[in-house]
Amino acid sequence: MNALILVDLQNDFTPSGALPVPEGDSIVPLINQLQQKFDLVVATQDWHPSDHQSFAVQHEGRQPGELIDLHGIPQVLWPIHCVQETEGAQFISNLDQSRVKRVFRKGQNPRIDSYSGFFDNDHQSSTGMGEYLREQGVDEVFVVGLATDYCVRFTAADAAELGFRTIVISDATRGVNLMTGDVDRALVALQEQGVRILLSSELP
Ligand code: VGL
Ligand code: ZN
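Report follows, based on the coordinates. From a predicted model like this one, the values you see are computed outputs, not experimental measurements.

**Some thoughts on the environment of Met-129**
At step 1: For Met-129, the position within the fold is in helix α2 (residues 129–135).
At step 2: Separated by 10 residues in the primary sequence, Met-129 and Asp-139 place their C-alpha atoms 13 Å from one another.
At step 3: Residues in contact with Met-129, not counting those within four places in the same chain, are Ile-5, Val-42, Thr-44, Phe-104, Gly-117, Phe-118 and Thr-155.

And the structure:
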C-alpha cells in the first residue's frame, strides 16, 4: 500500500506569502492530478505559535536567513509565517483536499522547529504520522510539496529512516534556494540516503 504525503501546501509558501517559495503555487494543479494515483493521501501543515523561536523577530538584531544556535540545534531564522489560525497557514485554495484523510500539524512547540512531518528537529517528539501510516498498512510513500530544501527534504529523510520505501516526485516540489544549489544538494543528499527521485511522468 502506498501513500502520497502533501507537504506544507500553504499560502505563506506561495510567491505572495510571508516566506515565498518561487513558483510555490505552480505545482498545485499537478498535485491535484497525482492524488488519484495513490491508495492514501495525507498532508502536513506548518502550524506555529506567534512567538515561535524560528522567527527572526524573536531574536534581537537578527534577520531572516541568518543561522543561529537554538537550544543546541542549528536554526535558520525565518520571517513570521504559518501562524496558527491565520490565512497564511491555510492550505492553498485550489488544492484539492477531498482525498486528504489526515492532516499532521507540526512546529507547534515554540522552542524548536519541525521541518519533517514526522518529528521535531531534535527527533524527540512525533506528530503521529509514522504510526498512522504503519497502522494503515503503508510501506511506500511519495513526497510532494514545499519546500524541497527544507520540509520536503526532512520529511522524506525521516520516512526513509523509518523504513518506508520513499520516493520524492521532484517536479511536484519547489524550493526556497536561500543559497544557489540548495535544492539540487537536498535531492542528492536524499538519493545518498536511499530515497528515489522521480519525475511525475515516470510514475505508472
Ligand atoms: C518550511 C521553513 C520554515 C517548509 C517551513 O515548509 O519547508 N521552511 N518552515
Ligand atoms: Zn515553519
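**Focus: the site of ligand 1**
At step 1: Around ligand 1 sit Asp-8, Phe-13, Leu-19, Asp-46, Trp-78, His-81, Tyr-115, Leu-146, Ala-147, Tyr-150 and Cys-151, and those are all the residues in its vicinity.
At step 2: In this structure, Ala-147 approaches ligand 1 through a main-chain N or O atom, which is 3.0 Å from an oxygen atom.
At step 3: Contacts to ligand 1 include Cys-151, whose backbone N or O atom sits 3.1 Å from an oxygen atom.
At step 4: Surface burial for ligand 1 is 99%, taken as the share of its 260 Å² of free accessible area covered by protein chains.
At step 5: Partitioning the shell around ligand 1 into residue classes produces eight nonpolar, one polar and two charged.

**Digging into the pattern of salt bridges**
At step 1: Enumeration over the complete set of coordinates arrives at seven salt bridges.
At step 2: Across the salt bridge formed by Asp-139 and Arg-165, the nearest N and O atoms sit 4.0 Å from each other. Of the two residues, Asp-139 sits in the loop between α2 and β6 (140–146) while Arg-165 sits in strand β7 (residues 165–174), which places them 26 residues apart along the sequence.
At step 3: A relative accessible area of 36% places Asp-139 in the partly exposed class.
At step 4: Linked through salt bridges whose partners overlap, the residues forming this network are Asp-8, Asp-46 and Lys-106.

**Here's the deal with the nonpolar core**
Generally speaking, a soluble globular protein has its nonpolar side chains buried in company with each other.
At step 1: In terms of nonpolar packing, the biggest core is built from 59 residues, with Ile-5, Leu-6, Leu-9, Leu-133, Val-141 and Ile-169 touching the most fellow members.
At step 2: Here the element with the most residues in this core is helix α3 (residues 148–161); it accounts for six residues.
At step 3: Sequence-distant contacts of Leu-6, that is, excluding residues within four places in its chain, are made with Ile-31, Gln-35, Val-41, Val-42, Ala-43, Thr-44, Leu-95, Val-100 and Val-144.

**Considering the packing of aromatic side chains**
At step 1: Inspection of the entire model under this criterion finds six aromatic pairs.
At step 2: Seen from their ring centres, Phe-104 and Tyr-132 are 5.7 Å apart, and the 55° between their planes marks the pair as tilted. Of this pair, Phe-104 sits in strand β5 (residues 100–106) while Tyr-132 sits in helix α2, placing them 28 residues apart in sequence. Both residues of the pair, Phe-104 and Tyr-132, count as buried.
At step 3: Each member of the aromatic cluster is reached from another via a ring pair, and the members are Trp-78, Tyr-115, Tyr-150 and Phe-154.
At step 4: The ring of Tyr-132 carries Arg-102 above its face, with NZ or CZ at 4.7 Å from the centroid.
At step 5: Of note, Arg-134 hangs over the ring of Phe-164, and the distance from its end group to the ring centre comes to 4.2 Å.

Quick notes on the rules
Residues numbered from 1 in each chain as written. Chains lettered and ligands numbered in written order. Predicted model: local features only at pLDDT ≥ 70, side-chain atom pairs only at ≥ 80, totals over all residues. Heavy atoms only, no water. Helix = DSSP H or I, 4+ residues; strand = E, 2+ residues; numbered from the N terminus. Contact = heavy atoms within 4.5 Å. Near = heavy atom within 4 Å. Polar contact = N/O pair within 3.5 Å; in protein donor to acceptor, adjacent residues only side chain to side chain. Areas by Shrake-Rupley, 256 points an atom, 1.4 Å probe, with all protein chains shown as cover. Nonpolar A, V, L, I, M, F, W, Y, C, P; charged D, E, K, R; others polar. Salt bridge = Lys/Arg side-chain N within 4 Å of Asp/Glu carboxyl O. Buried < 20%, exposed > 50% of the residue type's maximum accessible area, 1.4 Å probe, protein only. Core = buried A, V, L, I, M, F, W, Y, C linked by side-chain atoms within 4.5 Å. Phe/Tyr/Trp six-rings, centres within 6.5 Å; stacked < 30°, edge-to-face > 60°. Lys NZ or Arg CZ within 6 Å of the ring centre and 35° of its normal.

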